Every structure is written in structure tokens, then in C-alpha cells.
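Spelled out from the first residue to the last, the chains are:
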Amino acid sequence: MPAEVLAATTLTSIGTPWLWASTVLILLGLLAVDFVITRRPHEVSMREAVGWSAFYLALPVAFGIFVWSRYGGTPGVEFFTGYVVEKSLSVDNLFVFMLLLTAFAVPAHLAQRVLLYGIVGALVLRGVFIAAGAAVLQSGTWAFLLFGAVLLVTAVKVLRDALRGGQHEIQIDDLRSVRVMRRFMPVTRDYHGSRLTVVLDGVRTLTPMALVVAAVFITDVVFAVDSVPAVYGVTEDPYLVFATNAFALLGLRALYFVLHNALSTLRYLNHGLAIILAFIGVKLVLHWAHGTWPGLPEIPTPVSLGVILAVLATVIVASLHANRRDAARAAAESPTS
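As the structure is a computational prediction, the values presented were derived from the model and not from experiment.

(A) Layout of a nonpolar patch on the surface. Taken together, the side chains of Val 24, Leu 25 and Leu 28 define a hydrophobic patch exposed on the protein surface, amounting to about 280 Å² of accessible area. With respect to the element layout, Leu 25 can be found in helix H2 (residues 17-39).

(B) Up close: the packing of aromatic side chains. Under the defined criterion, the tally for this structure stands at 14 aromatic pairs. Centre to centre, the rings of Trp 20 and Phe 242 are 5.4 Å apart; their planes meet at 40°, and the pair counts as tilted. Taken as a pair, Trp 20 in helix H2 and Phe 242 in helix H9 (residues 238-250) lie far apart in primary sequence, 222 residues in all. A residue is classified by how much of its surface remains accessible, and Trp 20, at 28% relative accessible area, is partly exposed. Phe 242 gets classed as buried once you look at its relative accessible area, which sits at 13%. An aromatic cluster is defined as three or more aromatic residues linked by ring pairs; in this entry it consists of Trp 20, Phe 63, Phe 66, Tyr 71, Phe 79, Phe 80, Tyr 83, Tyr 239, Phe 242 and Phe 247.

(C) Broad picture of the packing of helix H6 (residues 142-163) against helix H8 (residues 208-232). The contact between H6 and H8 brings their axes to 9 Å, and the two run at 125°. The angle between the axes of H6 and H8 places the two elements in the oblique class. Considering only the axes of H6 and H8, their crossing is left-handed. Within the contact between the two elements, H6 uses Phe 147, Val 150, Leu 151 and Thr 154 and H8 uses Val 225, Asp 226, Pro 229, Ala 230 and Tyr 232. When grouped by side-chain class, the residues that make up the contact of H6 with H8 number 7 nonpolar, 1 polar and 1 charged.

(D) Region of the structure containing helix H3 (residues 46-71). Relative to the 38 Å expected for 26 residues at 1.5 Å per residue, H3 spans 37 Å between its end C-alpha atoms, a close match to the ideal helical length. Among the residues trailing H3, Gly 72 stands out with phi positive, at a value near 110°.

(E) Spatial organisation of the nonpolar core. With 74 residues, the main nonpolar core has Phe 104, Val 106 and Val 212 as its most contacted residues. Those residues in contact with Val 212 that sit more than four places away from it in its chain are Leu 100, Phe 104, Val 106 and Val 114. Core analysis: the second largest hydrophobic core is formed by 11 residues, Val 67, Phe 79, Ala 243 and Phe 247 among them.

(F) Local environment of the packing of helix H4 (residues 73-103) against helix H12 (residues 301-333). Between H4 and H12, the least distance of the axes is 9 Å, while the angle of their chain directions is 30°. When the interaxial angle is binned, H4 and H12 end up roughly parallel. Considering how the two elements wind past one another, H4 and H12 form a crossing that is left-handed. Here H4 contributes Val 77, Glu 78, Phe 80, Thr 81, Val 84, Val 85 and Ser 88 to the contact with H12, which in turn contributes Thr 301, Pro 302, Ser 304, Leu 305, Ile 308, Leu 309 and Leu 312.

(G) Local environment of the confidence of the model for the chain. Across the chain, the average pLDDT comes to 80, with 89% of residues at 70 or higher. Ranking the elements of the chain by mean pLDDT puts helix H1 (residues 3-8) last with 37 and H3 first with 90. Between residues 1-10, whose pLDDT stays under 50, and residues either more than four places distant or in other chains, the model counts 12 contacts.

(H) Here's a closer look at the pairing of strand E1 (residues 197-200). Pairing analysis gives 4 bridges linking E1 to strand E2 (residues 203-206), with the strands arranged antiparallel. Paired with Val 198 across the bridge in E2 is Thr 205. Following E1, the chain reverses through 2 residues before pairing antiparallel with E2; Asp 201 in that reversal takes a positive phi of roughly 55°.

(I) The arrangement of the environment of Thr 235 in detail. Mapped onto the elements of the fold, Thr 235 is located in the loop between H8 and H9. When its relative accessible area of 2% is taken as the criterion, Thr 235 is described as buried. With 156 residues separating them along the chain, Thr 235 and Phe 79 place their C-alpha atoms 7.8 Å apart. Ignoring sequence-local partners within four residues, the contact set of Thr 235 consists of Glu 78, Leu 240 and Val 241. Polar side-chain contacts of Thr 235 include one of 3.1 Å to the backbone nitrogen of Asp 237.

(J) Representation of the pattern of salt bridges in the model. For the coordinates displayed, the defined rule picks out 2 salt bridges. Close ionic contact of Arg 126 with Glu 86 constitutes a salt bridge, the shortest N to O distance being 3.5 Å. Placement of Arg 126 in helix H5 (residues 111-138) and of Glu 86 in helix H4 is noted, with a sequence separation of 40 residues between them. Residues Asp 326 and Arg 325 are paired through a salt bridge, measuring 3.5 Å at the closest nitrogen-oxygen approach. Look at Arg 325 and you get partly exposed, because its relative accessible area is 37%.

Cut-offs and rules
- Residues numbered from 1 in each chain as written.
- Predicted model: local features only at pLDDT ≥ 70, side-chain atom pairs only at ≥ 80, totals over all residues.
- Heavy atoms only, no water.
- Patch = residues over 30% accessible without salt bridge, like charges linked within 9 Å, V, L, I, M, F, W, Y side chains within 5 Å.
- Areas by Shrake-Rupley, 256 points an atom, 1.4 Å probe, with all protein chains shown as cover.
- Salt bridge = Lys/Arg side-chain N within 4 Å of Asp/Glu carboxyl O.
- Helix = DSSP H or I, 4+ residues; strand = E, 2+ residues; numbered from the N terminus.
- Phe/Tyr/Trp six-rings, centres within 6.5 Å; stacked < 30°, edge-to-face > 60°.
- Buried < 20%, exposed > 50% of the residue type's maximum accessible area, 1.4 Å probe, protein only.
- Axes fitted to C-alpha atoms, helices over the stretch in contact; angles between N-to-C directions.
- Parallel < 35°, antiparallel > 145°, perpendicular 65-115°, else oblique.
- Left-handed = near helix turned anticlockwise from the far one by under 90°.
- Contact = heavy atoms within 4.5 Å.
- Nonpolar A, V, L, I, M, F, W, Y, C, P; charged D, E, K, R; others polar.
- Expected span 1.5 Å × (residues − 1).
- Core = buried A, V, L, I, M, F, W, Y, C linked by side-chain atoms within 4.5 Å.
- pLDDT = per-residue confidence, 0-100.
- Pairing = 2+ DSSP bridges.
- Polar contact = N/O pair within 3.5 Å; in protein donor to acceptor, adjacent residues only side chain to side chain.

Listed below in C-alpha cells is the structure:
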């Protein structure tokens, strides 16, 4: 491999050992607080959910400003762009969590504990995929082509599902994780608080909580496959990739309760996510091609941020307009009293 190409594939990072250690400690501290909050199961009020959501939205903004002021505008823009991408994908993740909670008939007071398990699982899996992605990128520019192809294939699948009129369908008996667990251990009919197993008649038995947590972990794997290549399309810095994923996932538990009703109104969410994934896939392919043929253009990160924000704004406006149109049509067709 030519020296200039090898240099281009050597990942640089702002993540000093001190910064990594501080970030991980803060992350563990926030997760510990979440575990304390969910230790006593309770239904989450809108006031509580909004308060925590505001906190978890202010946190990445403050961190992004810190990165910008300490390390310069390029890492700052990369962080904010990566965060927007990951937060957008996490909203789709929330929709799947919502369907799983409904399919397993999870009691309202246990929902936040299930979500917390899902977030912890997602963080662990993202960490593994981020490390693997960094190792792959170190091996050569072909990795950008691979990541781009993964995102383009995913974008086609997401768009195809969206055009068919449905986002996701959850059939409990079709979930492989559920079938495997039921094969090896009996399962109780009722929930036993937040416990994953109980002893009944001297036999260790799974609870439905264990099944839904396993199903959530499996969905975490699927989303990690999509999200990590997507953020590597924004920045090649492993630390920023980890930070964007961590900040995007931390606030999901509270955001779920804020957006529970609003999620179903975003009818064009998957259309927008397909466009974003395809755009980043093209960006990665162009980045690979630029290393081989320097005359080909690349897409700057500020342009990526503008495109992603424009797509999300269009999704929201179009969804609200379609909802109002359908409501007006239904009102016009209903018989007058």
C-alpha cells in the first residue's frame, strides 16, 4: 500500500487516556443513577420524563461545545453531526422497543427497567462494534467501501419496508431468542416485578421479563450493525464515534415516555432514515474513491450536517401535514349530527 494511502487510513483521535477514562466514569455514573431510579418500579410521569430528557439533551450540547472549544471546529462539527445521526436512528430503535413492550404486555411500572436493560446492552454492543470498526479501518481504505455498501443495502431495505406501509411487526413466537430460552428453561405466565428468574416448586424458572430483555438485546445487535458504520461515515475518530453513541443512547429511557404517543405520528420516519443512511453510504463510497482517484470529490462534514437536518425537518413537516390532511378528510367523511 502506498505511504500516502496508509497515512490516510491511520486513525487519529482526540481521545487521550484521560478523556477516555473521564467519559467512561461519567457514563457509568449516569447509568448507576438510572439503575437507582428504576430500582423501585413506578410509572413515569410526563414531568419526570421531560425533565430527564431535557437534561440528556443539554448534556451532549455542553460536551459538543467543550470539544469545539478545546479541539477545534472540525471535531466539534463531527460530534454534532454524528450525534444527530445516532439520535435519529435511536428514535427508530425506540419504536421497536415500544412494539416489544406492547407485544410482551410489559406492565407500565416495569417499562423503564426494560428500557434501561436495552440501553446498557446497546452501549456494550456499540463498544464492541466500534472497536471492530476501528480495526477494520486501520487495515485499508477498502473498509470505507464495505461500510458504504452496508449502509446502502440497509437503506434499500428500510425504504422498501416503509413503502409497504409498515415499519415493524413483532411476533413473539417468531423471535429466535424467545424460542431458544423457552427450549432450555420453563417460563412463568406472570411478571414477578423486575426479576428475570424465580424459583417455583424448587425449579429455577424464567419470567416474561427475561424474554423481553433477550428480545431487546437481539434488536440491539441489529441496530448496532447499522449505526456504527453510519457514524464512521461522519468521523473516523473512535472516541467521537463512542461519544456520539453514548450520548444518543443515554437519554432513550426518558425520551421513550415523552415520545410514546408521538412516535406513531412520524409516518415518514423510515423514509427519512433510508435517505440519511443512503446519503452517508454514498459519502463513504466517495471517501474510498477519493483515496484511489484523488480527482473525485468528497462530501464535507458541514454539508452532511445540513443535509441530515434538512431531511429530518422534512420528515417532521411532511408527517404533520399528512396527519392533518387525514384528520380533515375523516372529519369531512363522518356523518354530521
